[in-house]
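Analysis of the macromolecular model
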Amino acid sequence: MPQKCRTSISTDSHAFFVSLCNAKEERPAAYLIHMKQFIKKLCLLTLFIAVTLSGAGVEFVYDDVLYRIISEEDKTVEARCLQCNCDELVLPSETPDGYKVVKIASYFCSYGVRICDQEMGLFSYFKSVVIPETVTEIEEAAFFGNRILESAVLPQSLTVIEKEVFYRCYALRNINIPHSITSIKDRAFYACKSLILDCETFPQLITNIGNEAFAGCQSFNTVTLPASIKTVGEQAFYSCINLNKLMIKSSNLVIGGKAFRGCKNLNELIIDSQNIEIKDEAFMGCTEIIKIECHSEIPPTCRYRAFADVNKELCRLYVPKGSEDLYRDAYQWMEFQQIYATLEHSSLERIEDTDKDKDVIAVYDVNGHLTTPDMPGIVIKRYSDGSVKKVFNN
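Keep in mind the model is a prediction, meaning the values are calculated, not measured.

Before going further, it helps to spend a moment on the pattern of salt bridges. Within this structure, the stated rule accounts for 13 salt bridges. A salt bridge links Arg 68 to Glu 78, with the nearest nitrogen and oxygen atoms 3.9 Å apart. Of this pair, Arg 68 sits in strand β3 (residues 65-71) while Glu 78 sits in strand β4 (residues 76-82); the two residues are 10 residues apart in sequence, bridging distant segments of the chain. With a shortest N-O distance of 3.9 Å, Glu 137 and Lys 103 are connected by a salt bridge. One end of the pair, Glu 137, is in strand β8 (residues 137-138); the other, Lys 103, is in strand β6 (residues 100-104), and 34 residues separate them in sequence.

As structure tokens, this is what we get:
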């Protein structure tokens, strides 16, 4: 059984009581001061006895990890900090003496304190971490600044990824975002420049992506925001320089200011939803956007300079048939010079390309103009056998 360390309180109760009685007879004012001190010490003693009996606050070490008892009654502990360096850290679901691991504490890698200068030798590193399914909470900044962490396995029991949990984990490449996650808080993956995401990464229950949550992540190229998301925070995907495709499926969504600012290789934006608000400078600096497809008959609300630096003369904007004039009159959207009508969105999903095995010799937009083979939305394809078909490009 691991050795447990307890904090003790030492008081000389008899001497203190005698001084209290003398003060009452000799100096009434001093008596009041001593009485307050007595009550304070009595409260501390009572608290100490309660903590001792409950076991809460007791700490012990097992396999180089410091644990702290949360509840003696429930037999639960939190992992406080790692006390060594290792390649792979696999946390147990239960300690040998029967305590269930339910929480990872803040600054797990740095003895519970925020360390900016990691050259001080007070930092514990590991390349991968596996967190057991018993853990329901990972406190903010838990793996803050672990520069060599490459992979993390998170439990399906999590519902929130807290602030700065993987802040500046530069080498983090592979991570599962559990299906149970409903919120990713501010700067959770800030500057994780090796992190890879794909369009299936975000869970279908997520409602919020916090400020700067993925700012500076440089290694993923496709993001799909599912229907459940309601807010994307300010600078959430700021300077994700290799992002090239963004699909938005959520209605009643607010995209925060500068959310995608500086995503300089983003070239395709699909808004497959209704009632979207795009805040100030959300897509500023996205100079390579050449295709925007909006499936909403009512133009999304754009705030100040929402699409600043986007080439409005070259970028093609595709909107539902019959909504062209609404977009031409709408703030910010009116600046786009190429606005084309597509079929109503309700028809788009039923037009599938069933001739994918045939050689395509030409692709046209719905207005009959020759276009690129990868243009999203409704296109007209001419095949090598002479046939022509209208299909929906994903």
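Past the structure itself, the notes keep going.
With that settled, consider the sheet that holds strand β20 (residues 291-294). Two orientations exist for strands paired in a sheet by backbone hydrogen bonds: parallel and antiparallel. Within the open sheet, the six strands sit side by side as β14-β16-β18-β20-β22-β23. Their pairing is parallel. Two strands lie at the open edges of the sheet, namely β14 (222-225) and β23 (338-342), each paired on one side alone. When strand polarity is set aside, the average angle formed by the axes of neighbouring strands in this sheet is 10°. In this sheet, strand β22 (residues 316-320) lies alongside β20 in parallel orientation, the contact comprising three bridges. Bridging across to β22, Ile 292 finds its partner in Leu 317.

Below, the discussion takes up the nonpolar core. Counting 87 residues, the largest nonpolar core has Phe 143, Phe 166, Phe 189 and Phe 214 as the members making the most contacts within it. The next biggest cluster of nonpolar side chains, apart from the first, holds seven residues, and it includes Tyr 318, Met 375, Val 379 and Val 391.

Looking now at the sheet that holds strand β17 (residues 253-255). Strand order in the open sheet formed by seven strands is β10-β12-β13-β15-β17-β19-β21, and the pairing between neighbours is parallel. The open sheet has two free edges, formed respectively by β10 (160-161) and β21 (301-302), since each of these has just one partner strand. As defined by bridge partners, strand β15 (residues 231-232) adjoins β17 across two bridges and the pair is classed as parallel. Looking at the pairing, Thr 231 lines up with Val 254 of β17.

Take unusual backbone geometry next. Residue Asp 64 is not a glycine yet carries a positive backbone phi of 65°. Topologically, Asp 64 is positioned in the loop between β2 (59-62) and β3. Located in the positive-phi region is Glu 212, a residue other than glycine, with phi close to 55°. Among the secondary structure elements, Glu 212 is positioned in the loop between β13 (208-209) and β14. On the basis of relative accessible area, Glu 212 is assigned to the partly exposed category, the value being 21%.

Here is what the cut-offs are and how they apply
- Every chain is numbered independently, its residues counted from 1 as its sequence is written.
- Confidence filtering applies because this is a predicted model: local features only for residues at pLDDT of at least 70, side-chain atom pairs given and counted only at 80 or more, and all residues used for totals across whole chains, interfaces and linings.
- Side-chain numbers come from the whole structure's heavy atoms, not from hydrogens or water.
- Salt bridges are counted wherever a side-chain nitrogen of Lys or Arg sits within 4 Å of a carboxyl oxygen of Asp or Glu.
- To qualify as a helix, a DSSP run of H or I must reach at least 4 residues; to qualify as a strand, a run of E must reach at least 2; elements of each kind are numbered from the N terminus.
- Paired strands, as defined in this entry, are two strands with at least two bridges between them according to DSSP.
- For helices, the fitted axis covers only the stretch in contact; all axes are lines through C-alpha atoms, and the angles between them, taken along N-to-C directions, range from 0 to 180 degrees.
- Throughout this description, the term nonpolar core refers to a set of buried Ala, Val, Leu, Ile, Met, Phe, Trp, Tyr and Cys residues connected via side-chain atoms within 4.5 Å.
- Using a 1.4 Å probe on the protein chains alone, a residue whose accessible area is under 20% of its type maximum counts as buried, one over 50% counts as exposed, and one in between counts as partly exposed.

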